Amino acid sequence: VFGFASSKDKDKFENFEYEEINNIKVLKEKRLQKGWSLLELSNKLNKRVTRQTLFHYENGETKIRRNVFIDLCKVYCIEPDDLLKEIMSRYIKRG
């Protein structure tokens, strides 16, 4: 079952600065590691998220919704907690 392990982790996600998630470019990196285009990723999400919206998430132009973040984690085969920890770790290292 994908989702956040605890409400504490869910709260971390809710309170984290989305601009920083996008500045670190983790979402785009995960997609490129799979070798997928934005259209391919959209298709893997059953077109619930358009390639244009994915582009806006990856470039910090749109705040990513929690359910979309979880869906992305599913297609990337990574637990949401783990991806959030990676994002936060990289953010702290940049700080």
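Our structure is the block above this text.
Residues numbered from 1 in each chain as written. Predicted model: local features only at pLDDT ≥ 70, side-chain atom pairs only at ≥ 80, totals over all residues. Heavy atoms only, no water.

## What about the pattern of salt bridges?
Condition: Between Lys or Arg on one side and Asp or Glu on the other, a salt bridge is scored when a side-chain nitrogen of the former is within 4 Å of a carboxyl oxygen of the latter. Secondary structure is summarised from DSSP: a helix means a run of H or I of at least four residues, a strand means a run of E of at least two, and numbering begins at the N terminus for each.
Considering all chains together, one arrives at 4 salt bridges under this definition. Here glutamate 58 and arginine 31 are joined by a salt bridge, their closest N and O atoms 2.7 Å apart. Pair noted here: glutamate 58 is in helix α5 (residues 51-58) and arginine 31 is in helix α3 (residues 26-34), with a separation of 27 residues, a long-range link. Linking arginine 48 and aspartate 71 is a salt bridge whose minimum nitrogen-to-oxygen distance equals 3.2 Å. Taken together, the positions of arginine 48 in the loop between α4 (38-44) and α5 and aspartate 71 in helix α6 (residues 66-76) put the pair 23 residues apart, joining distant regions of the chain.

## Some thoughts on the packing of aromatic side chains
A ring pair, where both rings are aromatic, is described by two values, the distance of the centres and the angle of the planes. Defined as follows: The aromatic pairing rule takes the rings of Phe, Tyr and Trp, using the six-membered ring of Trp, and pairs them if the centres are within 6.5 Å, calling planes under 30 degrees apart stacked, those over 60 edge-to-face and the rest tilted.
What the rule picks out here adds up to 1 aromatic pair. Note on tryptophan 36 and tyrosine 76: the rings are 6.0 Å apart at their centroids and 20° apart in plane angle, and the pair reads as stacked. Taken together, the residues span a long stretch of sequence, with tryptophan 36 in the loop between α3 and α4 and tyrosine 76 in helix α6 at a distance of 40 residues.

## Considerations on the packing of α3 against α6
Let me state the cut-off plainly: Between the N-to-C directions of two axes lies an angle of 0 to 180 degrees, each axis being a line fitted to C-alpha atoms and, for a helix, fitted only over the stretch in contact. The scheme is simple: roughly parallel for angles under 35 degrees, roughly antiparallel for over 145, roughly perpendicular for 65 to 115, oblique for anything else. In this scheme the handedness of a crossing depends on how the near helix is turned from the far one: anticlockwise by less than a right angle means left-handed, clockwise means right-handed. Between two residues, a contact is recorded if the distance between any of their heavy atoms is within 4.5 Å.
Between α3 and α6, the least distance of the axes is 11 Å, while the angle of their chain directions is 25°. With respect to α6, the element α3 is oriented roughly parallel. Crossing of α3 over α6 shows left-handed handedness. Every residue of α6 that contacts α3 at Leu27, Lys30, Arg31 and Lys34 is listed here: Leu72, Val75 and Tyr76.

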